[in-house]
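Analysis of the macromolecular model
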Amino acid sequence: MSYIVKDTILYVENLSVAYDGKVIIKDINITEKDVHRETVTTGQVIAVLGRSGRGKSTLFKALTGLVKPATGQVLIRDIKNSTEMDIKAKQVEEGDVGFVDQKYTLFRHKTIYQALKFALRKSSLSEKEKEDKINKYIQEWGLEKVRNQYPNELSGGQRQRTAIIEQIFSSGSYMILDEPFSGLDVGNVEDVKRSIHKIGADHTLNTVIFSTHDIELAVSLADSIYVIGYPTINGKMEHYGTVVGHFDLKAMQLAWKDFDAGHLQLVEQIKKLMLSS
Amino acid sequence: MLRKLFTPLEKIKAPFNLYIILFWLIMVLFTWFLLTSGQKHLIPSPAQVFTGFGELMSEGLVTHIGSSLSLCFQSVLFSIIVSLIIVYLSPLPALKPLASMISKFRYLPLTGITYYFTVFFHTARGMQIAVLVVFMSTFFITSLLAVIKDIPDEEFDHARTLKCNRWETLWEVIIKGRLDYVFDVLRQNLAIVWMMIVTVESILVAEGGLGVLIKNNDKFMNHGKIFALQIVILILGLLIDVFLNFCRKSLFRYSKF
Ligand SMILES: Nc1ncnc2c1ncn2[C@@H]1O[C@H](COP(=O)(O)OP(=O)(O)OP(=O)(O)O)[C@@H](O)[C@H]1O
Ligand SMILES: [Mg+2]
């Protein structure tokens, strides 16, 4: 599994977020680089783990620019204005990073087709091309039968897939999925896993970040895992979330391959870490 | 079966739930007959109400109903337009206090203020509409503000992640996304609207309407007629209620509440 890392694609520095003066997450530092492998197009798949209420969703809101950080910054690549030689970074703004929230929120007054059409409204494609693109995705993602249905006429899995396609259409290379596996049946879980792979395989810059409570799944899917938890400082547990562990599965030789003993060992290690934070 | 009828949260199947409703209707009618079967009775008997209804018809009940419905339609239309404009602008911080202030005015009593309207409006109908628009708007605005407040943050965030600017978010999430609720706000406030109409008509009698009929018959203590009128007003209100619900459900397929 030889790979090389190129330039930074996500840089989070000393990030903290507070709600009404109460610090929820603090001292978050993340650096992720563009991964390249010979012969295979490989995006980045990053998992965020942590017990309930530790601040995963809050971190995601900061990464997507939906909440303003109290301190620190989130930088992503300014893909539009960058060239191979001259890579520029920018502060994240709302709309830069696709985000599918825990509840798979959609517009309640738009059918799947209308929603996807809306997501493409700023694209430079012609009407015909948009039409084709929507039809292609609807077909590939198994939404053909329900294309003219409203969100409250859809199952959880169908809503979620629609929400993911919407974000693929609207935002660029970055996509954050908050608990994309909760409430799905075995078939849907496979669908979402496949879609995460698909996004990664589409372009080397594509970066998917997701949270989950399923450690095995995270270990088998991601090439980089962050654990968010309450830190213990001087023997005392603090009550804000921060990165308590980072595992680079690429360096550990665990990325892009079937689940084996090495993965299992990591699962145990992460479980212990989560329980103590 | 009998035990099921008295088990909390028990669901009763198709024809039987209607039988229960029917049972209660018959009970109400039966009680009415029973209470009014003697020589002296406080409320008018069904026969008296029926005669009262006949008299009302000959006094032009249909015209009065038409007048009331037309007043209702005009004032609700103006009022909802005014309310929507004010409420849709309330997400702008500078205009926010306006909507919540107007909403508070619903505690003002209707009588006593009407005098000020006579200064500005010279026709009785114009004045009726003006009074109703002002008072109804306070209720509509209150309900519409509650609808906006109930929109979960996720819906705004969802729009923002799709590169909607703030105005687009307002348009998609608040205006288009909650249009069906406008019909429900109308329906929910219908009872008070209907009451206001009857009151306003009885204050400014020149234009006729159900309010005038009630007022006149109240003077003469004609209970049969008053009762008949009450029933007419009740049924009209219920019909409008059903109509608004029908509009909402047929215009917005996704509106399932
Ligand atoms: N809008 C808000 N205002 C105030 N506090 C909030 C708000 N949103 C979240 N919190 C608090 O922030 C903390 C972290 O919440 P967050 O939703 O980020 O956790 P999470 O790790 O995503 O949990 P879960 O796994 O259950 O989804 C919680 O204690 C929560 O009560
Ligand atoms: Mg969460």
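Now for a look at the structure at hand. Computed from a predicted model, the values in this text were never measured in an experiment.

What counts as what
Residues numbered from 1 in each chain as written. Chains lettered and ligands numbered in written order. Predicted model: local features only at pLDDT ≥ 70, side-chain atom pairs only at ≥ 80, totals over all residues. Heavy atoms only, no water. Donors = N, O, S within 2.8 Å, 3.2 Å for Na, K, Ca; no water. Helix = DSSP H or I, 4+ residues; strand = E, 2+ residues; numbered from the N terminus. Buried < 20%, exposed > 50% of the residue type's maximum accessible area, 1.4 Å probe, protein only. Contact = heavy atoms within 4.5 Å. Buried area = accessible area lost by both parts, 1.4 Å probe. Salt bridge = Lys/Arg side-chain N within 4 Å of Asp/Glu carboxyl O. Polar contact = N/O pair within 3.5 Å; in protein donor to acceptor, adjacent residues only side chain to side chain. Core = buried A, V, L, I, M, F, W, Y, C linked by side-chain atoms within 4.5 Å. Near = heavy atom within 4 Å. Areas by Shrake-Rupley, 256 points an atom, 1.4 Å probe, with all protein chains shown as cover. Phe/Tyr/Trp six-rings, centres within 6.5 Å; stacked < 30°, edge-to-face > 60°. Lys NZ or Arg CZ within 6 Å of the ring centre and 35° of its normal.

**Re the coordination of the magnesium ion (ligand 2)**
All names here are of chain A. Listed as protein donors to the magnesium ion (ligand 2) are Ser57 (OG) and Gln102 (OE1); their distances from the metal cover 2.0 to 2.6 Å. Note that Ser57 is positioned in helix 1 (residues 56–63) and Gln102 in the loop between strand 6 (98–100) and helix 2 (112–119), a separation of 45 residues in sequence. Take Ser57: its relative accessible area is 26%, and that puts it in the partly exposed class. Assessed through its relative accessible area of 36%, Gln102 is described here as partly exposed.

**Examining the interface of chain B and chain A**
The interface of chain B with chain A comprises 24 residues on the first partner and 28 residues on the second. Here chain B packs against chain A, burying approximately 2400 Å² in sum over the two surfaces, 48% of which is carbon and sulfur. Looking only at chain B, the three residues that lose the most surface to chain A are Leu162(B), Lys163(B) and Tyr254(B), adding up to 29% of its buried area. Run the count over chain B and chain A and you get nine salt bridges. We note a salt bridge from Lys122(A) to Glu168(B), for which the minimum N-O separation is 4.0 Å. Where chain B packs against chain A, one counts 19 residue pairs in polar contact (both at pLDDT 80 or more). If you list the elements that add at least two residues to the side of chain B that touches chain A, you get helix 8 (153–161), helix 9 (166–176) and helix 10 (179–203) of chain B.

**Re the nonpolar core**
Judged by nonpolar contacts, the single largest core of 110 residues is most densely connected at Phe169(A), Ile196(A), Phe210(A), Ile225(A), Ile270(A) and Leu210(B). Among the elements that line this core, the one with the most residues is helix 7 (residues 124–149) of chain B, at 14 residues. In contact with Ile225(A), other than residues within four places in its own chain, are Ala47(A), Leu49(A), Ala218(A), Val219(A), Gly245(A), His246(A), Phe247(A), Leu249(A) and Ile270(A). Ile9(A), Val17(A), Val92(A) and Ile228(A) belong to the second largest nonpolar core, which has 28 residues in total.

**A word on the site of ligand 1**
Residues and elements named next belong to chain A. Taken together, 13 residues lie around ligand 1, and Ser52, Gly53, Lys56, Ser57 and Thr58 are the ones closest in. Within the side chain of Gln102, a nitrogen or oxygen atom sits 2.9 Å from an oxygen atom of ligand 1. Within the contact set of ligand 1, an oxygen atom lies 3.1 Å away from a side-chain nitrogen or oxygen of His213. For ligand 1, whose unbound accessible area comes to 640 Å², protein coverage reaches 62%.

**Observations regarding the packing of aromatic side chains**
Applying the stated criterion across every chain, the model contains twelve aromatic pairs over all chains. With a centroid separation of 5.8 Å and 80 degrees between ring planes, the pair formed by Phe181(A) and Phe210(A) is classed as edge-to-face. Note that Phe181(A) is positioned in the loop between strand 7 (174–177) and helix 5 (186–202) and Phe210(A) in strand 8 (residues 207–211), a separation of 29 residues in sequence. Each member of the pair, Phe181(A) as well as Phe210(A), is classed as buried. Ring plane angle 80 degrees and centroid distance 5.5 Å describe the contact between Phe23(B) and Trp24(B), whose orientation is recorded as edge-to-face. Three or more aromatic residues link up through ring pairs in this structure, and these residues are Tyr150(A), Phe183(B), Phe252(B) and Tyr254(B). Across from the ring centre of Phe257(B), 4.0 Å away, lies the NZ or CZ of Arg248(B), which sits over that ring.

**Considering the pattern of salt bridges**
Any two side chains of opposite charge can pair, given that their charged atoms come close. Following the criterion strictly, the structure yields 31 salt bridges over all chains and no others. Residue Lys257(A) pairs with Asp260(A) through a salt bridge whose shortest N-O separation is 3.4 Å. Take Lys257(A): its relative accessible area is 32%, and that puts it in the partly exposed class. Bridged by salt links that share partners, the residues Glu94(A), Asp157(B), Arg160(B) and Arg166(B) form one connected network.

Any link to function would need more than the numbers given here.
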